[in-house]
Number of protein chains: 2
Amino acid sequence: MINVAIMGHGVVGSGVAEILINHPKRIEKGVKNPINVKYILDLRDFDNLSYSDKFIKDFNIILNDPEVKIVAEVMGGLNPAYDFVKACLLSGKSVVTSNKELVAAKGAELIDIAKQNNVNFLFEASVGGGIPVLRPMVQCLAANEITEISGILNGTTNYILNKMIVDNMDFDSALKLAQEKGYAEKNPAADIEGHDACRKICILAALAFGKHVYPSQVKTEGITQISLDDVEAADSFGCVIKLIGHAEKLDNGKITAWVRPTLISRDSILSGVNGVFNAILVTGDHTGDVMFYGKGAGKEATASAVVADMMDCAKHLQARKYLYWEDGNENYVEQYLNEKCKIFVRASCDDYEKLCANFESIFGNDNLCYIKNKFRKEISFITNADYENVINEKLEKLGAGQIKTIHTML
Amino acid sequence: MINVAIMGHGVVGSGVAEILINHPKRIEKGVKNPINVKYILDLRDFDNLSYSDKFIKDFNIILNDPEVKIVAEVMGGLNPAYDFVKACLLSGKSVVTSNKELVAAKGAELIDIAKQNNVNFLFEASVGGGIPVLRPMVQCLAANEITEISGILNGTTNYILNKMIVDNMDFDSALKLAQEKGYAEKNPAADIEGHDACRKICILAALAFGKHVYPSQVKTEGITQISLDDVEAADSFGCVIKLIGHAEKLDNGKITAWVRPTLISRDSILSGVNGVFNAILVTGDHTGDVMFYGKGAGKEATASAVVADMMDCAKHLQARKYLYWEDGNENYVEQYLNEKCKIFVRASCDDYEKLCANFESIFGNDNLCYIKNKFRKEISFITNADYENVINEKLEKLGAGQIKTIHTML
């Protein structure tokens with residue numbers, strides 16, 4: 001029998017407890033050994049649960065019990081999760097976590113401590129909830145050099161954008177609906193401002209390219225500036241707007257990484273990822289594009305990923321899994337690339353005739369798709385591929401009263 | 001240094017040799033040990049290759065060399081692959097294969113022999129080419145009970161159907177184009193008649209549900225009967241036709257499994273899987289739907305999956321991976337379920353007025369979507385959900401001169 005502890009009994013933590021306690025046969029069959037939940041750490045009282053006898057409020061009981069071999073950290077947040085996880089690893093316990101904030105901030109350090117102490121530190125649930133992505137990336141794509149990762153990494157923002165695209169809902173109404181459905185938190189900032197997606201692309205990039213990427217190094221833009229008009233205009237060009245997290249290896253040994261609203265073609269498999277679903281598209285030099293898709297959040301999906309990691313730890317109490325990256329450094333991440341790109345533009349002007357004339361003289365020879373909307377006094381178009389500064393110079397000359405640009409993956 | 005042998009130097013085999021020989025650093029970094037290709041078994045001569053000194057024509061050289069720890073079987077076909085693989089496992093060598101025919105026919109037996117001899121038998125490349133699916137299914141979904149698998153498992157047929165859907169090409173022209181592009185073989189029967197997809201759903205079902213499923217137990221229908229008219233009619237109902245392999249756990253401990261052309265809604269993520277791409281949708285009781293997507297075939301993608309398995313064997317020369325199912329039995333697979341389903345129907349009749357009148361009297365109260373095409377004297381519709389025999393009885397009464405039905409996942 002292998003004793004484990006769960007730290008945190010919130011949404012994910014209660015899911016982990018329920019799977020381990022309600023499905024002992026399934027667990028034992030996979031591990032060839034039963035798993036016993038010895039402690040659940042939470043400051044709150046849960047007197048009405050069938051397993052209420054397992055609750056403790058003092059972390060040291062877990063830390064000082066040599067019988068506890070595996071600890072699941074599902075509290076979230078950086079503190080005290082970081083101190084607790086570090087202490088557990090140092091005392092020879094394997095740790096599993098769903099905490100993306102922790103892994104994105106302290107992954108390299110904790111992985112190294114796990115290595116020094118010959119225990120495992122696993123965190124499949126920190127990216128993509130129940131979607132298997134980190135382990136397949138490391139194991140199955142082992143013979144590949146990963147060159148690029150693009151993902152829809154946040155279910156809340158994808159749900160909101162999807163409601164705008166499919167149901168013509170405006171941003172505020174879609175956000176309110178997401179909150180009512182429990183897909184968005186009361187304070188939705190971490191989701192809608194892109195921070196959650198940012199942490200996940202940091203973890204993916206670190207694992208794929210071998211060096212820690214700090215959230216502060218990744219230029220991050222959320223979806224709060226995306227209007228229903230943008231969504232509709234994008235649709236006219238056969239595109240949808242998605243919040244994309246992207247990381248890519250550069251020839252100079254550095255990487256680029258960003259999170260931002262991005263136009264993608266309806267022909268792309270990513271455009272069909274709707275609702276709260278997530279998808280991670282990984283490009284390998286031999287496999288080409290491989291995509292992992294599923295529910296990126298939610299109690300059961302995330303909990304099942306945590307339990308799968310705990311089972312893996314239980315099967316490998318004596319062996320370490322290969323999940324590793326080094327410390328990052330200041331100059332490792334280039335924010336945006338000086339590479340040719342296509343930009344989606346909506347330009348409007350009270351003097352519509354002048355705008356049209358300028359557009360004609362500046363972009364007339366570019367042979368590009370555009371829509372002139374006389375009623376709105378607006379021209380929308382997707383530029384030809386060029387360097388961003390060249391495009392921006394042209395856009396300045398348009399003399400538009402209002403101009404809005406969105407990046408594309410076209 | 002770990003010595004390995006490659007049996008077969010065709011499309012996949014040459015890819016395996018190239019990755020192992022051209023990327024020694026990548027391999028060594030992953031394995032923490034260099035891998036040396038000691039032999040390549042092929043009856044043909046390859047004198048012009050830089051590694052032509054490795055070629056042998058006698059299998060016994062591999063079998064009797066105790067230095068060879070891992071063998072990749074990439075010859076394809078049941079014989080002599082089966083004898084060779086069995087002999088290797090019995091002599092204590094781990095074996096990796098991309099051979100779906102072999103695994104679908106002899107998987108349970110070979111897995112058992114590997115177990116008895118404390119070596120590994122891995123076959124990630126046998127399903128979905130370069131897409132990681134078997135290993136994530138076993139490992140990451142370990143805490144889940146898998147209830148259902150649906151997949152687009154054959155790139156050739158998906159390419160052909162896609163050309164019909166997108167470019168209005170008829171079946172014969174699309175097949176010819178696929179052959180010209182190298183996506184279909186000269187004798188395309190195994191692909192277009194569904195046998196290849198059948199083998200893959202057998203492997204997926206065996207792994208997911210724990211018991212061997214023999215190809216002969218799976219009712220298999222290819223795409224040769226699908227016409228451009230079918231594709232266009234399906235499109236009018238917001239659907240696409242895909243060749244789907246499906247397996248599902250039943251309450252009575254049995255499973256159902258089939259391969260057949262199936263209407264799926266354009267809202268389904270599977271409908272966006274185009275060209276030669278494959279996708280496998282796995283439903284777990286906790287995770288819900290998880291999809292794995294990528295190139296299902298091709299030299300490099302498949303070879304990289306074989307190499308990844310070889311690397312995994314090299315890292316676990318002393319430890320066995322958990323990849324296991326038992327022998328199957330005769331009554332384990334129910335061909336089609338007696339479950340309510342919706343069926344897509346195209347009915348035509350020279351006496352179009354009578355057909356319309358019959359349709360009105362039989363289906364008039366069903367409140368279903370239909371298209372009446374007077375020019376073609378045809379009515380197309382999707383039935384309400386009902387038992388297949390009930391639907392068939394109704395269809396017989398239609399008095400249609402010609403009637404064509406296609407199953408749906410709606």
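Predicted model, so just to flag it, every value in this text is computed and none were measured. (Residues numbered from 1 in each chain as written. Chains lettered and ligands numbered in written order. Predicted model: local features only at pLDDT ≥ 70, side-chain atom pairs only at ≥ 80, totals over all residues.)

(A) Spotlight on the interface of chain A and chain B. The interface is formed by 40 residues belonging to chain A together with 40 residues belonging to chain B. It is helix α12 (residues 299-315) of chain A that provides the largest number of residues to the side of chain A that touches chain B, a total of nine residues. Of the residues contributing to the side of chain A that touches chain B, the split by class is 21 nonpolar, 11 polar and eight charged. (Contact = placed C-beta atoms within 7 Å. Helix = DSSP H or I, 4+ residues; strand = E, 2+ residues; numbered from the N terminus. Nonpolar A, V, L, I, M, F, W, Y, C, P; charged D, E, K, R; others polar.)

(B) Inspection of the sheet that holds strand β2 (residues 35-41) of chain B at higher detail. Residue and element names in this part refer to chain B. What the six strands build is an open sheet, ordered β3-β2-β1-β4-β5-β6; its pairing is parallel. Of all the strands in the sheet, just β3 (55-56) and β6 (121-122) have a single pairing partner and so form its edges. Pairing analysis gives two bridges linking β2 to β3, with the strands arranged parallel. Counterpart to I40 in the pairing with β3 is F55. Contacts from helix α1 (residues 11-22) reach β1 (2-7), β2 and β4 (68-73), with the element oriented near 155° to β2. (Pairing = 2+ DSSP bridges. Axes fitted to C-alpha atoms, helices over the stretch in contact; angles between N-to-C directions.)

(C) Local environment of the packing of helix α7 (residues 155-167) of chain B against helix α8 (residues 171-180) of chain B. Residues and elements named next belong to chain B. Across the interface, α7 lies against α8 with an axial gap of 9 Å and an inter-helix angle of 130°. When the axes of α7 and α8 are compared, the pair comes out oblique. Considering only the axes of α7 and α8, their crossing is right-handed. Listed contacts from α8 to T156, Y159, I160, K163 and M164 of α7 are F171, A174, L175, L177 and A178. Across the contact of α7 with α8, the residue classes break down as eight nonpolar, one polar and one charged. (Parallel < 35°, antiparallel > 145°, perpendicular 65-115°, else oblique. Left-handed = near helix turned anticlockwise from the far one by under 90°.)

(D) Focus on the domain arrangement of chain A. Residues and elements named next belong to chain A. What the domain assignment reports for chain A is domain 1 (2-130 + 300-315), domain 2 (134-295) and domain 3 (343-408). Put simply, the middle of domain 2 and the middle of domain 3, counted by C-alpha atoms, are 27 Å apart. At the junction of the two partners, domain 2 supplies 10 residues and domain 3 supplies 10 residues. Mapped by element, the contributors of at least two residues to the side of domain 2 that touches domain 3 are α11 (228-236) and β10 (255-265). (Domains from an automatic or database assignment.)

(E) View of unusual backbone geometry. All names here are of chain A. Here the amide bond leading from N79 into P80 is cis, since omega sits at 5°, within 30 degrees of zero. Tracing the backbone through its elements, the reader meets P80 in the loop between β4 (68-73) and α4 (81-90). Positioned with a positive phi, N367 is a non-glycine residue whose angle comes to about 55°. With respect to the element layout, N367 can be found in the loop between α13 (352-363) and β15 (370-373). Of the residues examined, N367 has 7 C-beta atoms within 10 Å and is grouped as exposed. (Buried ≥ 20, exposed ≤ 12 C-beta atoms within 10 Å, placed from the backbone.)

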